[in-house]
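Per-entry structural report
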Amino acid sequence: MAGSTPVSATVSAGGAPGVLVTPEARRPPISPWQDAWRRFRKHRLAVVCSGILITMIVAVLVGPLFYRVPIDGIDFSVRLQGPSWDHPLGTDDLGQDLLARILYGGRISLAVGFAAMFVAVFVGVLVGSLAGMAGGKTDAALMWVTDLFLSLPQLPLLLLIIYLFRDALTGVVGPEMGVFILIVTIIGLFNWMQVARLVRAQFFSLREKEFVEAARALGASRFRLVWKHILPNALGPVIVAATIDVAAAIIAESTLSFLGLGFPPDIPTWGRLLFDAKDNLDFAPHWALFPGLAIFLTVLSINFVGDGLRDALDPRRVK
Amino acid sequence: MIAIPSLLGISVILFTVLALAPGDPFEELATNPAIPPEVRLQLRASLGMDDPIYIRYFRWLFAMLQGEWGFSFVSRINVDQLILQRLPTTLIVIGSSQILALAIALPVGVLAATRPYSIFDQVVNTLAFVGFSLPTFFTGLLFIMFFSIWLGWLPFVYNTNITATGWQWWWEHIRQSIMPVLVLGLFQGAAWTRFVRSAVLDVIRLDHVTTARAKGLPESRVTIRHVVRNALIPVVTLVALQMPIVFGGAIVTEQIFRVPGIGSLLITAILANDTPVIMAVTFVFACLVIFFNLLADIIYGWLDPRISYR
Amino acid sequence: MSASTTQARPVPAAVGQRLLEISGLKVHFRTDDGMVRAVDGVDIGVDRGETVCVVGESGCGKTVTAMTVLKLIAMPPGKIVAGSIMFEGRDIVPMSPAQMRAIRSKQIGIVFQEPMTSLNPVYTVGQQIAETVRHHEGLSKKAAYERAADMLRLVNIPSPQRRVHDYPHQFSGGMRQRVMIAMALSCNPKLLIADEPTTALDVTIQAQILELLTEMKERLGMAVMLITHAMGVVAETAQRVVVMYAGKVVEEATVEDLFANPRHPYTQGLIRSIPRIDLAATTHTRLEAIPGTVPSLLNPPKGCRFAARCRYVTEACLAAEPPLVEKAPGHKAACIL
C-alpha cells in the first residue's frame, strides 16, 4: 500500500487485457513463505519498522535488566528535570526516572496489546469458523452480531464496563492483575470482528474448492477439515488483521490510562505517564513527549509492519 | 430499516452489562448522605429491581427511549437536561472535524490515487500512516505544547463563559475550537485519505472508466464523474464503520481541551460514580452511532442505483 | 520500419481509400519481470467502409493494438516504441491528449468485450449516451436525450423512450452490448473498433450482435475493425482478415482467399480448429487443436515465433524471423514456405 507495492506482474491491470506474462517460467520455484518474504522485503518502510518494533520489544523486555534505576525512586531534589546523563529521559514531578518508567510501562502496554490480540483472534476464529461451517440461519445470526459489534460505541462501553466491574475483579485477583485481565478481555472482545469476517469468507470461498471437496470425499472429519485445510488458508489475512489488532489494543489501553481509568496510578503504563504529565506541559514537556513518542513509534511500526505483511501474505488485495 | 434491530441489539448488550455488573449500582445512594433514603427507595422501585429480567429489560428500554434517564447524583438535575445542554457542543466539534477530515481526504486521496506510486502518493501514504498512528490524546498534548505554550496563539482550555459579544464572541469560540477540531479532523482525515485512495484505485481500473475515456471526455470529467462518483459508494460504508472511533476520539479530545460536551461529561461522571449519567451518555453515544449508520445507509442507497431496485 | 521514416512518407489524399493505416507498430509494457513486447511490429490497414477482422488467440496483442489506436492503454507501463497509426492521413501516435479526445467517439468509436462492466453502473444509459454527444456536438440536454433514444431505437432496443432512463443493471448482457454499440455510434464515427464484442455473450445473442454490427455498418457506412479469436465470426463478417500471433501479423488476406488458401501454418491450424458440425456427424475426425502455448512476450524466441508449435519447422525458421511478404496479390504471409 505504501509506495513500494509493485505494479502487478500481469499487465492486465494497467489497461492491456490479454497480454500473457509467465514470470513463473523464469524464476526457480520457491516456497510460499519465501515468496512472502520477498514481497515483504520490497516494502522498505515495513522492514525498517519491524527493526524498530523488535528493538522496542527487546528494550522493554531486557532493558530493565541492564538499566537498573528503580521506577519509583522518589527524589524531590531532581523533580521535573529534562534529559541529563543521570536521567536520560528526565524525571517526573516526584523525581522518578522516566526511562525506567517508560521501559516498565512498555512491558504492560505491549503485553496488553498482544494478549488482547490473542483474545480477539481466538474469538474471531471461533465465531468465523462457526458461521462458516454452519451457514444458513446460524451464519446470518452470527454475522448480525458481528456487524452489531462493529457499530458499538466502543470507548464509552469500555469505560462503562471497567467502571462497573473493576472493583469486583480487583477484589478477587488484586488490582494489577484484575485490571489487566479486565482490559485485555474487553479490548479483545471489541476487536474480533475483522478476524471473524476473514475466517468466514475463507470458509465460503474454500467450501467449493476441489481439495476441500476431495478431503471431504476421503472422509476427513469436519474438525480436521477446518484445522488442516481451511484455517491455514485464512492464515495470511488473519495475521495481517491480528497485527493491526495489536496496535488497536495498545491505543485502547493507552486511551483508558490517559483518561485515568486504566491501570492503578502506581503502574506507569505509557498512557498513565501521559495522564500524569498533561498538567505539567508548560514546564516539563519532556515528561509527555517521551511516553507519547513511545506509543506513536510502536503503533506506527506495527501499522507499517501490518501493511508490509498485507503485501506479503495477502497479495490478492491490491490496495 | 436495519437501525431498529441494531438499537435493540446494543440496548441488550448495555442491559446485559448492567445486569451482570456485581453489586447494586444504586448502592452509592445508600452511602451518599446527600440523597435522602426515600429517594433511593423510590428509584429502586421505579426500576423494579425485583421483577423478572425481561420485564426489567423492557421497562428499562422504554424508560431510556423516552428520555427518562433519572437524575444526576452529582449535579442533581435531570440527566436528559444535562445531556441536552452538552450535546450541541459535542455535535458541533464532531461535525466540524468531520467536515475538515472530508475536505482533506477527498482531494488528497483522489490526487494520490490518480498518480499511484508517484512521490506525491508516497508522501501522502506515509503522512496518512503517521496521522492515524498518532493517538488523539498525544496529538492533543502536542498541539497544546506547540500552539498554546510555545507560540501562545490559542487557548488550551475551552471557556464556556465568554463575556465578549458580537464578532468577538464568535472569534473567541472559533479560536478555542480550532485545536479540538484539528486533532479529531486530522486523525480522521488520515484514515479517510487511505479509504478514498484505495477506493479510487479500485474504481480507476474498471472497464467503465476506459469507456468514459473512449468517449473522448476530458480527464477531469472522467475522474470526477466516472471515478470519484463511483468510489464514494465504498467510502461511505467505510466512513460509517469509523463512527465508533470518531466518538471515542471525541471523548478523548473533549477531555484534553475540557470541552463541555457529553464526552467529558462521561469521564466526569465515571470519576464521580454518577451511574445514571454514565448509562445515559453511553446510550446516547450508541444512538448517535446508529443514527450515523442509518444516515450512511440512506446516502449509500442514494449513491448506488442498484440498491433501490434490489 | 521506424516511426520517423513512416512519418516522412507522403501523406495520401484524404479522399483515398485507406482510412486507417497501422504500420510497424510496437507497443511494449514495462513490468517487474522485464519488458513485455505485447505488440511487436504490426501492420494493419482498414479501408473506408470495409470490415477487417483481426484474429488470434488470447495474448497475441490484438486487443493492445485496438486500444492503442485510441491510445487507451495505460502509459506507463505501456509505451508506443515504434510505428505510426495514420488515421485519415494524420498520425495518431504523436497527438496530444486534447487531439486524441477530439478523435475518440467522434471519429473512432469502440466497443469492448465485457458489456457487464463497460457501462458505469451509477448513471442511466441515456445519461451515458447523452454525455458523449453533448461533449462532441454541444447538443442541449433535451436534444442529447432525444439522440440517445434514437440510438437505442437504431440498435433495436424496444421502447427506447422509456429505456433511456434505465440503469445498466436493468439490461441483460446482450442488451448492454447494444447500448455500448449505440454509444459508440452516437457521434457517427468513421471507424468502429469492436474488441471481441461477442465473447462474453451467449451463443444465440452472439449472432444477433454480429448481425447488428453488419446492419449498422451498411446503414451508416463506417468501417469496422473487428477483433476476435473465433474463426467462425471472421467467416461471417469480414472482407479482409489479419491473423496475429505473439505480437506480430503472420498473415493477411481477403476472407475468401484466407479460408481457401491459408499460407501460414498457424492460420491453417486456426481454420482446422473450427468445429465442423457437418463433418463431425459423418466422419469421426477429431477436433484439431494447435499443440503448445504462445511463447513468452518477455523475451520472444529468435526466429519464427510459431516455430515451437509448427509442424513444418525447419532450421531456417529458427535462425531468422520470416518477414511479412506478398505471396499472391493481396495475400501476405510471414512464412518461408
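Since this is a predicted model, take the numbers as computed values, not measurements. (Residues numbered from 1 in each chain as written. Chains lettered and ligands numbered in written order. Predicted model: local features only at pLDDT ≥ 70, side-chain atom pairs only at ≥ 80, totals over all residues. Heavy atoms only, no water.)

Things to note about the overall build of chain A
- When helices and strands are counted, chain A shows eleven helices and zero strands.
- When the helices and strands of chain A are read in sequence order from the N terminus, they spell out α-α-α-α-α-α-α-α-α-α-α.
- The 319 residues of chain A split such that 53% are buried.
- Within chain A, contacts between residues at least 6 apart in sequence are counted, and of these 70% link residues at least 24 apart.
- A total accessible area of about 14200 Å² is found for chain A, and carbon and sulfur atoms account for 68% of it. (Helix = DSSP H or I, 4+ residues; strand = E, 2+ residues; numbered from the N terminus. Buried < 20%, exposed > 50% of the residue type's maximum accessible area, 1.4 Å probe, protein only. Contact = heavy atoms within 4.5 Å. Areas by Shrake-Rupley, 256 points an atom, 1.4 Å probe, with all protein chains shown as cover.)

Concerning the overall build of chain C
- Each helix and strand counted, chain C has 14 helices and twelve strands in total.
- Whereas a compact globule of 337 residues would reach a radius of gyration of roughly 20 Å, chain C reaches 21 Å, a difference of no more than 12%.
- Expressed along its principal axes, the backbone C-alpha trace of chain C runs to roughly 65 × 55 × 45 Å.
- Buried residues in chain C amount to 54% of all 337 residues.
- Considering only intrachain contacts with a sequence separation of at least 6, the fraction spanning at least 24 residues in chain C is 64%. (Rg over C-alpha atoms; globule rule 2.2 N^0.38 Å.)

Examining the sheet that holds strand β1 (residues 18-31) of chain C
Residues and elements named next belong to chain C.
- An order of β2-β1-β4-β5 is seen for the four strands of this open sheet, with the pairing classed as antiparallel. Of all strands in the sheet, those with a lone pairing partner are β2 (34-47) and β5 (90-91), marking the two edges.
- Here β1 pairs with strand β4 (residues 78-87) via eight bridges, running antiparallel. Residue pairing across strands places H28 opposite K79, the latter belonging to β4.
- Strands β1, β2 and β4 of the sheet are contacted by helix α2 (residues 62-69), whose axis makes an angle of about 115 degrees with β1. (Pairing = 2+ DSSP bridges. Axes fitted to C-alpha atoms, helices over the stretch in contact; angles between N-to-C directions.)

Focus: the UniProt feature "domain: ABC transporter" (unreviewed entry) in chain C
- UniProt's feature table lists "domain: ABC transporter" (unreviewed entry) at residues 22-271 of chain C, given in the numbering used throughout.
- As a span, residues 22-271 of chain C carries 40% helix and 28% strand, and end to end its C-alpha atoms are 25 Å apart. (UniProt positions renumbered as here; feature names shortened; annotations may be inferred.)

Here's the deal with the pairing of strand β6 (residues 108-111) of chain C
Residues and elements named next belong to chain C.
- Along β6, one buried face is formed by I108 and I110 and the opposite face, lined by G109 and V111, is buried too.
- As paired strands, β6 and strand β7 (residues 191-195) are joined by four bridges and run parallel to one another. Bridge pairing in β7 links G109 to L192.

A word on the nonpolar core
- Grouped together as the largest cluster of nonpolar side chains are 177 residues, with contacts concentrated most on L159(A), W60(B) and I83(B).
- By residue number, the principal contributor to this core is helix α9 (residues 222-258) of chain A, which donates 16 residues.
- Those residues within four positions of I83(B) in sequence are excluded, and the remaining contacts are W69(B), I262(B), L265(B), A280(B), V281(B) and V284(B).
- If you look at the next biggest cluster of nonpolar residues, it comprises 98 residues, including M95(C), M180(C), L298(C) and C317(C). (Core = buried A, V, L, I, M, F, W, Y, C linked by side-chain atoms within 4.5 Å.)

Looking at the environment of L201(B)
- Take L201(B): it is sitting in helix α8 (residues 166-204).
- Expressed as a C-alpha distance, the spacing of L201(B) and R115(B), which sit 86 residues apart in the sequence, is 9.7 Å.

Re the interface of chain A and chain B
- Listed by partner, the interface residues are 51 residues for chain A and 56 residues for chain B.
- Both faces combined, the contact of chain A with chain B buries some 4700 Å², and carbon together with sulfur accounts for 80% of it.
- If you look at where chain A meets chain B, you find zero salt bridges.
- At the junction of chain A and chain B, the tally comes to one residue pair in polar contact (both at pLDDT 80 or more).
- Elements represented by at least two residues in the side of chain A that touches chain B include exactly α4 (136-150), α5 (154-173), α9 and α11 (285-313) of chain A.
- Of all the elements, α11(A) adds the most residues to the side of chain A that touches chain B, at 13 residues.
- Tallied by class, residues from the side of chain A that touches chain B come to 37 nonpolar, eight polar and six charged. (Buried area = accessible area lost by both parts, 1.4 Å probe. Salt bridge = Lys/Arg side-chain N within 4 Å of Asp/Glu carboxyl O. Polar contact = N/O pair within 3.5 Å; in protein donor to acceptor, adjacent residues only side chain to side chain. Nonpolar A, V, L, I, M, F, W, Y, C, P; charged D, E, K, R; others polar.)

Some points on the confidence of the model for chain A
Residues and elements named next belong to chain A.
- Taken as a whole, chain A shows an average pLDDT of 77; of its residues, 83% reach a score of 70 or greater.
- The secondary structure element of chain A with the lowest average pLDDT is helix α8 (residues 210-217), at 70, and the one with the highest is helix α3 (residues 98-134), at 88.
- Here residues 1-26 is a poorly scored stretch, pLDDT under 50, and it has 61 contacts once near neighbours within four places are set aside; other chains count. (pLDDT = per-residue confidence, 0-100.)

Let's talk about the pairing of β7(C)
All names here are of chain C.
- Summarising burial for β7: five of the five residues are buried, a large majority.
- Residues of β7 alternate between two faces, with L191, I193 and D195 on one and L192 and A194 on the opposite face, all of them buried.
- As paired strands, β7 and strand β8 (residues 223-228) are joined by five bridges and run parallel to one another. Directly across from L192, in β8, lies its bridge partner V224.

Focus on the sheet that holds strand β12 (residues 331-333) of chain C
Residues and elements named next belong to chain C.
- Spatial strand order, β6-β7-β8-β3-β9-β10-β12-β11: eight strands in an open sheet with mixed pairing. Where the open sheet ends on each side, the last strands, each with one partner, are β6 and β11 (325-328). Each adjacent strand pair in this sheet contributes to an overall mean axis angle of 20 degrees, direction not counted.
- Against the sheet, α2 touches β3 (51-55), β6, β7, β8 and β9 (240-245), its axis set at about 150 degrees to β8.

Thoughts on the confidence of the model for chain C
Residue and element names in this part refer to chain C.
- Residues at a pLDDT of 70 or more form 91% of chain C, whose mean pLDDT is 83.
- With pLDDT under 50 throughout, residues 1-16 is counted as low confidence; its partners more than four residues away or in other chains account for twelve contacts.
- Interface confidence for the predicted complex, given as ipTM, is 0.82, next to a pTM of 0.81.

Description of the domain arrangement of chain C
All names here are of chain C.
- Taken domain by domain, chain C consists of domain 1 (3-238) and domain 2 (265-337).
- Each partner contributes residues to the interface: domain 1 has 13 residues there, and domain 2 has eleven residues.
- Summed over both sides, the interface between domain 1 and domain 2 buries roughly 1000 Å², with carbon and sulfur atoms accounting for 61% of that surface.
- Taken as a group, R37, E57 and M231 account for 50% of the area that domain 1 buries against domain 2, more than any other trio of residues on that side. (Domains from an automatic or database assignment.)

Some thoughts on a nonpolar patch on the surface
- A cluster of nonpolar side chains, contributed by I54(A), V58(A), L61(A), V62(A), L65(A) and F66(A), occupies part of the molecular surface with about 610 Å² of accessible area.
- Relative to the helices and strands, L61(A) resides in helix α2 (residues 44-66). (Patch = residues over 30% accessible without salt bridge, like charges linked within 9 Å, V, L, I, M, F, W, Y side chains within 5 Å.)

A short note on the packing of helix α8 (residues 173-185) of chain C against helix α9 (residues 203-220) of chain C
All names here are of chain C.
- Two elements in contact, α8 and α9, have axes separated by 10 Å at closest approach and are oriented at 20 degrees. Put simply, α8 runs roughly parallel to α9. Handedness of the crossing formed by α8 with α9: right-handed. Together, G174, Q177, R178, I181 and L185 of α8 and I205, Q208, I209, L212, L213, M216 and L220 of α9 make up the contact between the two elements. (Parallel < 35°, antiparallel > 145°, perpendicular 65-115°, else oblique. Left-handed = near helix turned anticlockwise from the far one by under 90°.)

A closer look at unusual backbone geometry
Residue and element names in this part refer to chain C.
- You will see that E88, though not glycine, has its phi angle at about 50 degrees, which is positive.
- Under the relative-accessibility criterion, E88 is labelled partly exposed at 26%.
- The phi dihedral of N188 is positive, around 55 degrees, even though this residue is not glycine.
- As for its position among the elements, N188 is in the loop between α8 and β7.

A short note on the pattern of salt bridges
- In this structure the tally under the stated criterion is 28 salt bridges over all chains.
- Measuring nitrogen to oxygen at the nearest pair gives 3.7 Å for the salt bridge that ties E131(C) to R225(B). Highlighted residues: E131(C) in helix α5 (residues 125-137) and R225(B) in helix α10 (residues 219-257), drawn from two different chains.
- Residue class for R225(B) comes out partly exposed when judged on its relative accessible area of 25%.
- E88(C) is the salt-bridge partner of K190(C), the closest N and O atoms lying 3.4 Å from each other. Here the residue K190(C) occupies a position in the loop between α8 and β7, and E88(C) occupies one in the loop between β4 and β5, the gap between them amounting to 102 residues.
- Where salt bridges share partners, they join K215(B), R221(B), R225(B) and E131(C) into one cluster.

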